[in-house]
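# Commentary on secondary and tertiary structure
In case you want the letters, here they are:
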Amino acid sequence: MRVVVNVGGSVLAPDLEPDRVADYAAAIETLDGAGHTVGVVVGGGPTAREYITTARELGANEIALDQLGIAVTRLNGRLLIAALDDRAVPTPAESYETGREAVRRGDIPVLGGIVAAQTTDAVAAAFAEYVGADLLVYATSVNGVYDTDPNSDAEATCFDRLTARELVSVIADMEMNAGSSAPVDLLAAKVIERSGVRTIVLDGTDPQRVVDAVRNDAFDGTEIVPER
Ligand code: UTP
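Reference entry: report on the structure contained in this document. Bear in mind the structure is a predicted one, so any value in this text is a computation, not a measurement.

About the cut-offs
Residues numbered from 1 in each chain as written. Predicted model: local features only at pLDDT ≥ 70, side-chain atom pairs only at ≥ 80, totals over all residues. Heavy atoms only, no water. Helix = DSSP H or I, 4+ residues; strand = E, 2+ residues; numbered from the N terminus. Buried < 20%, exposed > 50% of the residue type's maximum accessible area, 1.4 Å probe, protein only. Contact = heavy atoms within 4.5 Å. Lys, Arg positive; Asp, Glu negative; His and termini not counted. Charge placed at Lys NZ, Arg CZ, Asp CG, Glu CD. Axes fitted to C-alpha atoms, helices over the stretch in contact; angles between N-to-C directions. Parallel < 35°, antiparallel > 145°, perpendicular 65-115°, else oblique. Nonpolar A, V, L, I, M, F, W, Y, C, P; charged D, E, K, R; others polar. Pairing = 2+ DSSP bridges. Patch = residues over 30% accessible without salt bridge, like charges linked within 9 Å, V, L, I, M, F, W, Y side chains within 5 Å. Areas by Shrake-Rupley, 256 points an atom, 1.4 Å probe, with all protein chains shown as cover. Salt bridge = Lys/Arg side-chain N within 4 Å of Asp/Glu carboxyl O. Phe/Tyr/Trp six-rings, centres within 6.5 Å; stacked < 30°, edge-to-face > 60°.

Below, the discussion takes up the overall build of the chain. The number of helices and strands found in the chain is nine helices and seven strands. Oriented by its inertia axes, the alpha-carbon framework of the chain measures out at about 50 × 45 × 30 Å. Of all 228 residues assigned to the chain, the portion counted as buried reaches 47%. Summarising the internal contacts of the chain: among those between residues at least 6 apart in sequence, 68% fall at separations of at least 24. Within the chain, the 36 negative side-chain charges are centred at a point lying 8 Å from the centre of the 18 positive side-chain charges.

Here's what the structure looks like:
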């Protein structure tokens, strides 16, 4: 199976604890060793937010902040690459094309951000579309897509299954509410809808959950299914 795994920065590197990164690398290698073709997209997490907050106070404009964010996602990508063995391409892919070439060779590409004004959620969706992935997995810090923000609403319910069109509508509603954060953003949801790639959103704090989802289709999270 061809799979793209998005590892949120707050899942991979909430701090610079080496064991977490090593565990993620081991999970990716397990999938690769089991015969799956794997591409990885890494987020910026708290480090990106710290840089962006400081640079904003220094007067940087939003595009410059995005460039800073992209640089941090690529730093996190290098961290994961450091833990992966020779199966990984030694530098983060800076374009979808470079990433796809690696997939074609059978190597493991690691991508961070690509262009300003989006997030790595959208990068993962676009990369999955570009390489014709069978499955896209979002390893996030929440265990699925909720109808409202579970951080502020104790009544929030997690969806087991959504069509891609329903996902777009749920995320659009959430993004209308200032301060609420969805595990997958609207641009990513729209790319998922357009591409029809089967997608799973799960709690990735334990990387074994990603392995179980890909290898055994066993997961506790939200499955986004293409329209029929
Ligand atoms: P993230 O993808 O990590 O943002 O990119 P996020 O979704 O807010 O954070 P986590 O990791 O899921 O917690 C960090 C920042 O980098 C810039 C954006 O400013 C984003 O907020 N970025 C990232 C881009 O401008 N383009 C990209 O393609 C990716």
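Below, the discussion takes up the packing of helix α2 (residues 18–33) against helix α9 (residues 208–216). Contact pair α2 / α9: the axes reach a minimum separation of 9 Å and the direction vectors enclose 10 degrees. Taken together, the axis directions place α2 and α9 in an arrangement best described as roughly parallel. Judged by residue contacts, Tyr24, Ala27, Thr30 and Leu31 of α2 engage Val210, Val211, Val214 and Arg215 from α9. Classifying every residue of the contact of α2 with α9 by side-chain character gives six nonpolar, one polar and one charged.

Further remarks concern the sheet that holds strand β2 (residues 37–42). Pairing is mixed across the open sheet formed by seven strands, whose spatial order is β3-β2-β1-β4-β6-β7-β5. Of all strands in the sheet, those with a lone pairing partner are β3 (110–111) and β5 (161–163), marking the two edges. Pairing analysis gives four bridges linking strand β6 (residues 198–203) to strand β7 (residues 221–225), with the strands arranged antiparallel. Residue pairing across strands places Thr199 opposite Ile224, the latter belonging to β7. Across the sheet, helix α4 (residues 62–83) touches β2 and β3, and the angle it forms with β2 is around 135 degrees. With respect to the sheet, helix α6 (residues 120–131) is in contact with β1 (2–7), β2, β3 and β4 (135–140), its orientation differing from that of β1 by roughly 175 degrees.

It is worth spelling out a negative patch on the surface at this point. Residues Asp15, Glu17, Asp19, Asp23 and Asp206 make up a contiguous surface patch of negative charge. By the element assignment, Glu17 lies in the loop between α1 (9–12) and α2.

This paragraph deals with the packing of aromatic side chains. Across all of its chains, the model carries one aromatic pair by this definition. Taking the centre distance of 6.5 Å and the plane angle of 20 degrees together, the rings of Tyr96 and Phe127 count as stacked. Here Tyr96 is found in helix α5 (residues 96–105), whereas its partner Phe127 is found in helix α6, with 31 residues between them in sequence. When sorted by exposure, Tyr96 lands in the same class as Phe127, which is buried.

This brings us to unusual backbone geometry. Located in the positive-phi region is Ala117, a residue other than glycine, with phi close to 70 degrees. Its place among the elements puts Ala117 in the loop between β3 and α6. What makes Ala117 exposed here is its relative accessible area of 61%. Although it is not a glycine, Asp217 sits at a positive phi angle of roughly 55 degrees. With respect to the helices, strands and loops of the structure, Asp217 is situated in the loop between α9 and β7. Of the residues examined, Asp217 reaches a relative accessible area of 44% and is grouped as partly exposed.

It is worth spelling out the pairing of β2 at this point. Burial within β2 is extensive, with five of its six residues counted as buried. Sheet topology note: the β1/β2 ladder contains six bridges and is parallel. Counterpart to Val3 in the pairing with β2 is Val38. When β2 meets β3, the two strands line up parallel, connected through two bridges. Looking at the pairing, Val41 lines up with Leu111 of β3.

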